[in-house]
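Chain residues, written in single-letter form:
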Amino acid sequence: MKNIFLICILALSLNGFSQNKKASNLETITLGGGCYWCVEAVYENLDGVKSVVSGFSGGNVANPSYEEVCTGKTGHAEVVQITYDKNITDINEIFKVFFTVHDPTTLNRQGADVGTQYRSVIFYKNDEQKKAAQSIIAELNKAKVYNSPIVTKVEPFKAFYKAEDDHQNYYANNKNQPYCKMVIQPKIEKFEKVFKDKLKKK
């Protein structure tokens, strides 16, 4: 009986260790690349990404509403908070996708979406993310991948505020809306073409 008890304890301990090890493989990065509906829809399809949450960061108002952020007065950027498995993808790949699916050279705008809330920004949580962000920006500028210099800001993460429920999974829930067809769908198609070997299996 004693041996059975010890085996049960050991099994529970190993299970906890396995779960902790799995959790330690997860990392989060917060990115702003224009309308968060667009960025969210892309990363939802990247293999290794566990969750993508649309929200706001970089402002001076706690728990802002979408309407408040749209005024441009709260200082927030529309962002997505991406949680990914480092065993499947990594921060460099996350950034490669980021700089592929939005224009990092237009200050405070993406296409027809204009305002500081649509700025290109990376909110890093540790030195690894900071260095990786600075490195890829330097490489892209050096290689003159874009016709203009990159204006993406690299800033320390402070807070993230989740957007209202109707802004989550927006593309998946509203595929027939004109904005989704004309703006989001082309970004997804570009992503799927460039990163065809990195797509989640459906």
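- Going by the annotation in an unreviewed UniProt entry, the name recorded for the protein is Peptide methionine sulfoxide reductase MsrA, with Flavobacterium hibernum given as the source organism.

Considerations on the overall build of the protein
Stage number 1. Secondary structure assignment for the protein yields 7 helices and 8 strands.
Stage number 2. Burial statistics for the protein: of 202 residues in total, 43% are counted as buried.
Stage number 3. In the protein, the proportion of contacts linking residues at least 24 apart, taken out of those at least 6 apart, comes to 77%.
Stage number 4. Carbon and sulfur atoms make up 53% of the accessible area of the protein, which amounts to about 11,600 Å² in all.

Overview of the nonpolar core
Burial of nonpolar side chains together is a common tendency in soluble globular proteins.
Stage number 1. Within the largest apolar cluster, 43 residues are counted, with the highest numbers of intra-cluster contacts made by I29, L31, Y43, I82, I94, F95 and F99.
Stage number 2. Once residues lying within four places of it in the same chain are set aside, the contact partners of Y43 are L31, V49, V52, I82, I94, V97 and F98.
Stage number 3. In terms of nonpolar packing, the next biggest core, distinct from the first, is built from 5 residues, A77, V79, F123 and F160 among them.

Notes on a negative patch on the surface
Stage number 1. Together, E67, E68, D165 and D166 make up a negatively charged patch on the protein surface.
Stage number 2. Position of D165 among the secondary structure elements: in the loop between β8 (161-162) and α6 (170-173).
Stage number 3. Accessibility expressed as a relative area gives 64% for D165, which makes it exposed.

Some words on the confidence of the model for the protein
Stage number 1. Model confidence for the protein is summarised by a mean pLDDT of 90, while 89% of its residues fall at 70 or above.
Stage number 2. Throughout residues 1-14 the model reports pLDDT below 50, and contacts reaching past four residues in sequence, or to other chains, amount to 0 contacts.

Remarks on the side chain of T83
Stage number 1. On the secondary structure map, T83 appears in strand β3 (residues 77-85).
Stage number 2. Residue T83 is classed as buried on the basis of its relative accessible area of 18%.
Stage number 3. Aside from chain neighbours lying at most four places away, what touches T83 is L26, E27, T28, G48, V49, K50 and S51.

Some details on the environment of G75
Stage number 1. For G75, the position within the fold is in the loop between α3 (66-70) and β3.
Stage number 2. Residue G75 is classed as partly exposed on the basis of its relative accessible area, which comes to 26%.
Stage number 3. Sequence-wise, G75 and Q117 are 42 residues apart; in three dimensions their C-alpha atoms are separated by 7.1 Å.
Stage number 4. In contact with G75, not counting residues within four places along its chain, are S57, G58, G59 and R119.

Re the environment of V49
Stage number 1. Inspection of the secondary structure puts V49 in strand β2 (residues 49-57).
Stage number 2. On a C-alpha basis, the gap between V49 and E27 in space is 9.7 Å, while along the polypeptide they are 22 residues apart.
Stage number 3. Excluding anything up to four places from it in sequence, V49 contacts Y43, I82, T83, Y84, I94 and K200.

Description of the side chain of E27
Stage number 1. Relative to the helices and strands, E27 is located in strand β1 (residues 26-33).
Stage number 2. By relative accessible area, E27 is classed as buried at 12%.
Stage number 3. A polar atom in the side chain of E27 sits 3.0 Å from the side chain of Q129.
Stage number 4. Excluding anything up to four places from it in sequence, E27 contacts I82, T83, Y84, K86, N126, E128 and Q129.

So, how was this worked out
- Residues numbered from 1 in each chain as written.
- Predicted model: local features only at pLDDT ≥ 70, side-chain atom pairs only at ≥ 80, totals over all residues.
- Heavy atoms only, no water.
- Helix = DSSP H or I, 4+ residues; strand = E, 2+ residues; numbered from the N terminus.
- Buried < 20%, exposed > 50% of the residue type's maximum accessible area, 1.4 Å probe, protein only.
- Contact = heavy atoms within 4.5 Å.
- Areas by Shrake-Rupley, 256 points an atom, 1.4 Å probe, with all protein chains shown as cover.
- Core = buried A, V, L, I, M, F, W, Y, C linked by side-chain atoms within 4.5 Å.
- Patch = residues over 30% accessible without salt bridge, like charges linked within 9 Å, V, L, I, M, F, W, Y side chains within 5 Å.
- Salt bridge = Lys/Arg side-chain N within 4 Å of Asp/Glu carboxyl O.
- Lys, Arg positive; Asp, Glu negative; His and termini not counted.
- Charge placed at Lys NZ, Arg CZ, Asp CG, Glu CD.
- pLDDT = per-residue confidence, 0-100.
- Polar contact = N/O pair within 3.5 Å; in protein donor to acceptor, adjacent residues only side chain to side chain.

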